[in-house]
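Per-entry structural report
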Amino acid sequence: MAKYVLALDLGTTSVRAILFDKSAQIKGVSQKEFTQHFPQAGWVEHDANEIWLTTLSVIADLFITEEVIVSDIDSIGITNQRETTVIWDKTTGLPVYHAVVWQSRQTSAICDKLIADGHSERFKEKTGLPIDAYFSGTKIKWILDNVPHARERAEAGNLLFGTIDSWLVWKLSGGKTHITDYTNASRTLIYNIFDLKWDEELCNILEIPMSMLPEVKSSSEVYTTTDAAIFFGHNISIAGIAGDQQAALFGQGCFEEGLVKNTYGTGCFMLMNTGDKKIHSQNGLLTTIAWGIDGKVEYALEGSIFVAGSAVQWLRDSLKLIENAKESEALAKSVEDSKGVYLVPAFVGLGSPYWDQDVRGAIFGLTRGSGKNEIVRATLESICYQTRDILDLMAYEAGIHVKRLRVDGGAVHNSFLMQFQSDILHVEVDVPKVTETTAMGAAYLAGLATGFWQSKEEITANWAVDKNYKPSMPEEKKENLYNGWQKAVAAARVFK
Ligand SMILES: Nc1ncnc2c1ncn2[C@@H]1O[C@H](COP(=O)(O)OP(=O)(O)O)[C@@H](O)[C@H]1O
Ligand SMILES: O=P(O)(O)OC[C@H](O)CO
C-alpha cells in the first residue's frame, strides 16, 4: 500500500521535494537552490538542465534521509514557477538556450512594439492578460529570434516549448510525454482561456509554430508515468500539475467563490477564486485559470507583485543591512514607524495593477534621522502596500467584501509583516498550520486523481489556522500611511 504522495515544487530560486502522508502531514522535505543567471541588466535566466538535475538530487536526498522506498510513493504532483520558458530539441533533449525566467525583462522591446501596433485588446480579450514581458509568449519569440537557427529548427518541427512543468514531465517520462496543464497554459499569452485552446491568431502574431506547443491537460489526472530507467527503477504515476500560485490556492482550500489567498515569496501573488465567472479586469488584474478538474474549469482573478521577499534579499545581499531575512522583523519592530520613509521596490518594473515596465525602484522621504531600521521597515511595509493596491481592486471588481485573507510563503513567519498587513488592509490575516500550501496543493491534485484522497471536502477538513492577525490600527493613521505610498509610487513612475 503506497503511503505518500511526492510533491515536486520547482520555484524561482529552489527546488523542493516534499512527501505528504494520508493525513496531509509532511513526512519529509528536501530543498536545494540553483543558480540564478543575470547575463544583462534586467535579464534573469536559469539553466533548465540544472533544474532537472537539482530535482533528481532533492528526490534522492529525500528518499535517503527519510528512509523511504520508491514503492511507498503513490504518485507525483508537480507545481512550478509559472511563465518561465524552456525550448529544447526533441531528439537530443537539450535546451537550445537558458530558461528565460518570469522576472526577466529581455522582451520589453517586443512588448512595446506589440502594444504600439495595437494588439493589446486582442491579447487581453483572449488570454485575460496584458502584454508584458512577464508572460511566456514574447519569451518564446525572443529565443526563436535570437538563438542561431532556432526558428528553422522550430519550423521543421524539431523543437518543443514548455513551461517548467512541461520540461519536468518530459524529462521524468524519458521524453515520452509533452504536456502542460490549464493553469500553466493560461500564463503563456497564447492560450485562449475561454475556448480552452492554443490561439492560432496570437501564435501567428508572435510567429510561434504551433507544433512546438504541449498538449494541454487538466490539473488532476494520471498523465503518464516516470521512466523506470530514470526514476529509481520505478514507473510512478504523474497525476497532478498546477502553476505554483494556483496550487497554493488549491492547497489553501479556496474552493468557494470569493475566497482569497496571498503568497509571500520572491514576489507576492494574490488569487481570488471566481468560480465559473471570468471577470474581465478593467484595473490591471489578470483573469486566469484556477484549475481544471473533473471536466470543469474554474477561474481566478490575480494580482501579481514582482518584488516582495526578493526586496528583503536585496537588503541582505546588496545593502548588507541584515544578515538574514528573519532579522528584518526585529529591526522593523525596533522603531515606532518608518518616519515617513517609503521604498518602492520596482526593481523589475511594476506588475499589477500598474503594468509599468520602465519604472525603477526608489526611496522617498529620507531625512538625517533615517537609518537602517527605517529602511528595513519601509521595505516590509512596501510588501503590504502593494498587496493593498491589489486587494482593494479585487474586492471592487468581484463585488465582494473580503473579510479574511489566507496567506502562505516564506515571509509569513514575519509577525511584523503580517500584523502590518492586517492593519493596512483592515482584514483578518490567517496563517495556516501547514504553510507549504503550494506543494500541498500539487500533492492533493495528484492524490485526488489516483484515489489516495477522495474529495475536496477531505482537503477542506485538513486546513487549519495556526496564527490569526486582527487589524488594530486607527482608520486615519492607516489611510494617511497608504496615501503616502500612493504618492511615492506616482513619483517613482515620473522618474524614468
Ligand atoms: N522572516 C522573513 N521576513 C521577511 N521575508 C522573509 C522571511 N523569511 C523569508 N523571507 C523571504 O521570503 C522569500 C522566500 O520564500 P519562499 O516561499 O521560499 O519563496 P520562493 O518560493 O519564491 O522561492 C525570500 O525572498 C525571503 O527573502
Ligand atoms: O517561484 P515563486 O514562488 O516566486 O512564484 C513565481 C510565480 O509563479 C511567477 O508567476
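Residues numbered from 1 in each chain as written. Chains lettered and ligands numbered in written order. Predicted model: local features only at pLDDT ≥ 70, side-chain atom pairs only at ≥ 80, totals over all residues. Heavy atoms only, no water.

A few words now on the sheet that holds strand 23 (residues 465-469). Strand order in the open sheet formed by seven strands is 17-18-16-15-21-22-23, and the pairing between neighbours is mixed. The sheet is open, and its two edges are formed by strand 17 (286-293) and strand 23, each paired on a single side. With direction set aside, neighbouring strand axes in the sheet form an average angle of 30 degrees. When strand 22 (residues 428-432) meets strand 23, the two strands line up antiparallel, connected through four bridges. Bridge pairing links D430 to N468 in strand 23. Contacts between helix 13 (residues 415-425) and the sheet are confined to strand 15 (260-264), strand 21 (404-408), strand 22 and strand 23, with strand 22 contributing the most and set at about 145 degrees to the helix. (Pairing = 2+ DSSP bridges. Helix = DSSP H or I, 4+ residues; strand = E, 2+ residues; numbered from the N terminus. Axes fitted to C-alpha atoms, helices over the stretch in contact; angles between N-to-C directions. Contact = heavy atoms within 4.5 Å.)

With that settled, consider the site of ligand 1. As a structural note, the neighbourhood of ligand 1 is formed by 15 residues, with T13, R16, T266, G309 and G410 the closest of them. S310 places a polar main-chain atom, nitrogen or oxygen, 3.5 Å from an oxygen atom of ligand 1. Contact between ligand 1 and Q313: an oxygen atom at 3.5 Å from a side-chain N or O atom of the residue. Coverage of ligand 1 by the protein chains reaches 82% of its 580 Å² of free accessible surface. Looking at the shell around ligand 1, its residues break down into three nonpolar, ten polar and two charged. (Near = heavy atom within 4 Å. Polar contact = N/O pair within 3.5 Å; in protein donor to acceptor, adjacent residues only side chain to side chain. Areas by Shrake-Rupley, 256 points an atom, 1.4 Å probe, with all protein chains shown as cover. Nonpolar A, V, L, I, M, F, W, Y, C, P; charged D, E, K, R; others polar.)

In the numbering used here, UniProt assigns the "binding site: glycerol" (unreviewed entry) feature to R82, E83, Y134, D244 and Q245. Mapping R82 onto the fold places it in the loop between strand 5 (73-80) and strand 6 (86-89). Using a relative accessible area of 2% as the deciding quantity, one classes R82 as buried. Residues in contact with R82, not counting those within four places in the same chain, are W102, Y134, N184, R187, G243, D244, Q245, Q246, F269 and E302. Following the sequence through the fold, Q245 ends up in helix 9 (residues 244-251). (UniProt positions renumbered as here; feature names shortened; annotations may be inferred. Buried < 20%, exposed > 50% of the residue type's maximum accessible area, 1.4 Å probe, protein only.)

We now examine the side chain of R151. By the element assignment, R151 lies in helix 5 (residues 150-155). The class for R151 is buried, based on a relative accessible area of 19%. Beyond its immediate chain neighbours, meaning those up to four positions away, R151 contacts K141, L144, D145 and E207.

Attention now moves to the packing of aromatic side chains. Per the stated rule, a full pass over the model turns up 26 aromatic pairs. An angle of 75 degrees between the planes, with centres 5.1 Å apart, marks the rings of F231 and F232 as edge-to-face. Exposure remark for F232: the relative accessible area of 33% places this residue in the partly exposed category. Centroid distance F452 to W453: 4.9 Å. Interplanar angle 85 degrees. Geometry classified as edge-to-face. The class for F452 is buried, based on a relative accessible area of 5%. The class of W453 is buried, set by a relative accessible area of 1%. One Lys or Arg, R82, reaches over the ring of F269 and ends 5.2 Å from the middle of that ring. The ring of W463 has R406 lying over it, and the distance from NZ or CZ to the ring centre is 3.8 Å. (Phe/Tyr/Trp six-rings, centres within 6.5 Å; stacked < 30°, edge-to-face > 60°. Lys NZ or Arg CZ within 6 Å of the ring centre and 35° of its normal.)

Consider a sheet: its strands pair through backbone hydrogen bonds, and that pairing is either parallel or antiparallel. Spatially, the six strands line up as an open sheet ordered 3-2-1-5-14-13, and their pairing is mixed. Strands at the two margins of the open sheet, each flanked by one partner only, are strand 3 (26-33) and strand 13 (220-225). Each strand of the sheet is rotated relative to its neighbour by a mean of 25 degrees, with strand direction disregarded. Two strands pair when backbone bridges link them, and strand 1 (residues 4-10) and strand 2 (residues 14-20) are joined in this way by six bridges, in the antiparallel orientation. Paired with L8 across the two strands is A17, which belongs to strand 2. Sitting on the sheet, helix 1 (residues 48-65) touches strand 1, strand 2, strand 3 and strand 5, and the angle it makes with strand 3 is about 145 degrees. Where helix 6 (residues 164-172) meets the sheet, it contacts strand 1, strand 5, strand 13 and strand 14 (237-243), and its direction lies at approximately 145 degrees from that of strand 5.

A few words now on helix 10 (residues 309-317). All buried positions along helix 10 are accounted for by G309, S310, A311, V312 and L315. Buried residues in helix 10 make contact with helix 11 (327-333) and helix 12 (372-398).

So, about the nonpolar core. Of all hydrophobic cores here, the largest spans 76 residues; its most connected members are I87, I190, M212, F250 and W453. In terms of residue count, the dominant contributor to this core is helix 14 (residues 437-450) (seven residues). Contacts of I87, omitting those with residues within four sequence positions, involve P95, V96, Y97, I140, I143, L144, L159, L160, F161 and M212. One finds L285, L301, A308 and L350 within the second-largest nonpolar core, a separate group that totals 54 residues. (Core = buried A, V, L, I, M, F, W, Y, C linked by side-chain atoms within 4.5 Å.)

Further remarks concern the UniProt feature "binding site: sn-glycerol 3-phosphate" (unreviewed entry) in the chain. Here, the residues flagged by UniProt with the feature "binding site: sn-glycerol 3-phosphate" (unreviewed entry) are T12, R82, E83, Y134 and D244. Within the local environment of R82, its side chain forms a polar contact with the side chain of Q246, the two groups lying 3.2 Å apart. Mapped onto the elements, D244 comes out in helix 9. Those residues in contact with D244 that lie beyond four places of it in its chain are T79, N80, Q81, R82 and T438.

A separate point is the site of ligand 2. Taken together, G11, T12, Q81, R82, E83, W102, Y134, D244, Q245, T266 and F269 make up the full set of residues adjacent to ligand 2. E83 is positioned with one of its side-chain polar atoms (N or O) 2.7 Å from an oxygen atom of ligand 2. D244 has a polar side-chain atom sitting 2.5 Å from an oxygen atom of ligand 2. Here ligand 2 loses 90% of its free accessible area of 310 Å² to cover by the protein chains.

Now for helix 2 (residues 108-116). Of all the residues in helix 2, the buried ones are S108, I110, C111 and L114. Each buried residue of helix 2 lies within a common arc of 160 degrees when the element is viewed along its axis, so the set occupies one face. What points out from helix 2, more than 90 degrees from its buried face, is the exposed set A109, K113 and A116. Elements that come into contact with the buried residues of helix 2 comprise helix 4 (136-146) and helix 8 (200-205). Note on helix 2: the residue one or two positions beyond its end, G118, has a positive phi of about 85 degrees. (Arc of directions from axis to C-beta.)

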